[in-house]
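# A structural walkthrough
What follows is each chain in one-letter form.
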Amino acid sequence: MDLTITLDNQIDRPLHQQLYEELRQTILTGRLLPRQKLPSTRSLAQSLHISRTTVTQSYDRLLSEGYLESIVGSGTYVCAQLPDELLHSSPVETEQTLNSDPIHLSCYGNHLSQTLFALQPKLEQPISFRLGQLALQHFPIALWRKLLSRYCLASSDWLDYAADFQGYLPLRQAIAAYLSRSRAVQCTPQQIILTNGTQQALDLVMRLLIDAGDGIVVEDPGYLSARRVFLSHQAVLAPVPVDESGLIVEKLAGLDSTSLKLVYVTPSHQFPTGSILSLARRLELLAWAHQHHCLILEDDYDSEYRYGDRPIPALQGLDQSNSVIYIGTFSKVLFPSLRIGYLVVPPSLVFLFTQAKWLCDRQLPMLEQQVLTEFIEAGHLESHIRRMRSHYDQLRQTLVKALKTHLGDRVVILGEQAGIHIMVKLQTSWNDAEVIQRASEAGVGLESAQPYYLQGIDRGEFILGYGDLDSETIAMGIDRLAQALEK
Ligand SMILES: Cc1ncc(COP(=O)(O)O)c(C=O)c1O
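Residues numbered from 1 in each chain as written. Predicted model: local features only at pLDDT ≥ 70, side-chain atom pairs only at ≥ 80, totals over all residues. Heavy atoms only, no water.

## Observations concerning the sheet that holds strand 8 (residues 260-265)
Pairing within the open sheet is mixed, and its 8 strands lie in the order 4-11-10-9-8-5-6-7. Two strands bound the open sheet, and with one partner strand each, they are strand 4 (192-195) and strand 7 (246-247). Of the strand pairs in this sheet, strand 8 and strand 9 (residues 295-300) are connected by 4 bridges, and their pairing is parallel. Bridge pairing links Val265 to Glu298 in strand 9. Set on the sheet, helix 9 (residues 197-209) makes contact with strand 4, strand 5 (215-220), strand 8, strand 9, strand 10 (324-329) and strand 11 (341-344); between it and strand 10 the angle comes to about 155°. (Pairing = 2+ DSSP bridges. Helix = DSSP H or I, 4+ residues; strand = E, 2+ residues; numbered from the N terminus. Contact = heavy atoms within 4.5 Å. Axes fitted to C-alpha atoms, helices over the stretch in contact; angles between N-to-C directions.)

This is how it looks when you write it as structure tokens:
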């Protein structure tokens, strides 16, 4: 095995210590993988021109710390399962600790390193009301595979760089037509820039429109991944509360609007409360934005899942003054790893956004764009959405019924008219952490809404995602939750 290890006789750290650190680093950064065999002490000593005792000393320390394991008669291996605490020390951290000459970070890198966030731990209970989970088992994989295979064999054009920097034109045409029929968005295909999901769209908006110190109005509570992108670009967040009709637009009057550049909203299905921005407030918001020379960033991520009233037209479709940038995604209606989303921008910004997207990552994969185009044009997208809407509607009804049956007047249900999660307010004497702990002891995972608020106080609000569960599991989960809260 070719192990690149550098030892320095000139420095005053013993060689066995240096070798130990080098090997440890190699394991932590994944250059040596779990179960991979190490060279014998003899051959490593020979290749590094050091004594075998030095190698043995280093191996012994790594064995005692759980990085390596030795198998009698076979040799020394990287442990199949590295202890958690070892894996949690990030490679960068290790490199910087061991390296006396730390890597110089850019302004962006520095800022990011000071605002790092912990990734949300997954809820691992047997019944987990996890946010953002979909019933992916209902995705028509056979059809998708058939289309992939057809386009894959039809020509080799998809292998090359794309000629169209905004994204595959037939797909943009199909999206423009779809948006016009389903969301009353008014745009030409020329206004659409295909992106790697909503997340890249948000990042591009930040790069092009926001400087450090610029203000962005955000809904409170609101979408964490958007806020994190905004903060990574050193925007200043101006939280505005939401109620059952969405963002309370009149509260904008209380803000100092001089540095405000953008209002980020999820009007069709406020994240996470589930409220829907009323038509009156939409018009009020558009007027305010126009008056204060602010742009509106409309994140329309899952409005297809709407149960009940007819959808209210997108802000973009109501706008008369090119004040709205609209973002859509296929993450919720198809599957998140597809990584296809889109921006609809005012005509004056098209060229700039196209350049920025190209500089970032050139283009989206062509084959998936071709398949998606046919999927939309042949009507598969809309029939899949209809099927999934009815599936999620049944789950939602089961959840609401179970909550009412088992928790009665101890629960207030919010935002049940759309999406694949609901928010609940529980009347209980336990604080949020205690509720989660009790639920978890009963085998039920749920999330507090607290992290989504900028002012993180205990409100007894929880988010229940139900997309990947079945009716029986939902009913059982709520029954167990109610019992756990009674004890
Ligand atoms: C508010 C909101 N916007 C957008 C998305 C989708 O993001 P992406 O398109 O990057 O997968 C989500 C997914 O959970 C979301 O909750």
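From this point, the discussion proceeds with the structure in view.
## Considerations on the packing of aromatic side chains
Geometry of an aromatic ring pair is reported as the spacing of the ring centres plus the angle between the planes. Per the counting criterion, the structure on display carries 12 aromatic pairs. On the basis of an interplanar angle of 75° and a centroid distance of 5.4 Å, the ring pair of Phe230 and Tyr264 is categorised as edge-to-face. Of this pair, Phe230 sits in helix 10 (residues 224-232) while Tyr264 is found in strand 8, placing the two residues 34 residues apart along the sequence. For the pair formed by Phe230 and Tyr264, the shared burial category is buried. When the ring centre of Trp430 is taken as origin, the NZ or CZ atom of Arg438, which lies over that ring, is 3.7 Å away. (Phe/Tyr/Trp six-rings, centres within 6.5 Å; stacked < 30°, edge-to-face > 60°. Buried < 20%, exposed > 50% of the residue type's maximum accessible area, 1.4 Å probe, protein only. Lys NZ or Arg CZ within 6 Å of the ring centre and 35° of its normal.)

## Considering the sheet that holds strand 15 (residues 447-448)
A sheet is described by the order of its strands in space; here 4 strands give the open sequence 12-13-16-15, paired in antiparallel fashion. One side of each edge strand has no neighbouring strand; the edge strands of this open sheet are strand 12 (411-414) and strand 15. For strand 15 and strand 16 (residues 461-465), the ladder comprises 2 bridges, and the chain directions are antiparallel. Counterpart to Ser448 in the pairing with strand 16 is Phe462. Contacting strand 12, strand 13 (421-426) and strand 16, helix 15 (residues 380-407) crosses the sheet at an angle of about 165° to strand 12. Docked against the sheet, helix 16 (residues 432-441) engages strand 13, strand 15 and strand 16, running at close to 40° with respect to strand 16.

## Considering unusual backbone geometry
The peptide bond linking Asp220 to Pro221 adopts the cis configuration, its omega dihedral lying at 5°. Assignment of secondary structure puts Pro221 in the loop between strand 5 and helix 10. Of the consecutive residues Phe271 and Pro272, the connecting peptide bond is found in the cis state with omega at 5°. Structurally, Pro272 can be placed in the loop between strand 8 and helix 11 (279-291). One non-glycine residue with positive phi stands out, namely Arg35, at about 75°. According to the relative accessible area criterion, Arg35 is exposed, its value standing at 63%.

## Some words on a nonpolar patch on the surface
A surface patch of nonpolar side chains, amounting to about 330 Å² of accessible area, comprises Phe165, Trp358 and Leu359. Turning to its location among the elements, Trp358 is positioned in helix 13 (residues 350-361). Trp358 sits in the partly exposed class, given a relative accessible area of 33%. (Patch = residues over 30% accessible without salt bridge, like charges linked within 9 Å, V, L, I, M, F, W, Y side chains within 5 Å. Areas by Shrake-Rupley, 256 points an atom, 1.4 Å probe, with all protein chains shown as cover. Salt bridge = Lys/Arg side-chain N within 4 Å of Asp/Glu carboxyl O.)

## Quick look at the domain arrangement of the protein chain
With domains assigned, the protein chain is organised as domain 1 (15-103), domain 2 (127-133 + 384-486) and domain 3 (156-378). Computed over C-alpha atoms only, the centres of domain 1 and domain 3 are separated by 47 Å. (Domains from an automatic or database assignment.)

## Thoughts on the site of the ligand
Taken together, Gly197, Thr198, Gln199, Tyr223, Phe271, Asp299, Tyr301, Thr329, Ser331, Lys332 and Arg339 make up all the residues around the ligand. One of the backbone N or O atoms of Gln199 is found 3.1 Å from an oxygen atom in the ligand. For the ligand, the protein covers 88% of the area, taking 400 Å² as the surface of the free molecule. Considering every element that reaches the shell around the ligand, the biggest residue donor is helix 9, with 3 residues. Its residues placed into classes, the shell around the ligand shows 3 nonpolar, 5 polar and 3 charged. (Near = heavy atom within 4 Å. Polar contact = N/O pair within 3.5 Å; in protein donor to acceptor, adjacent residues only side chain to side chain. Nonpolar A, V, L, I, M, F, W, Y, C, P; charged D, E, K, R; others polar.)

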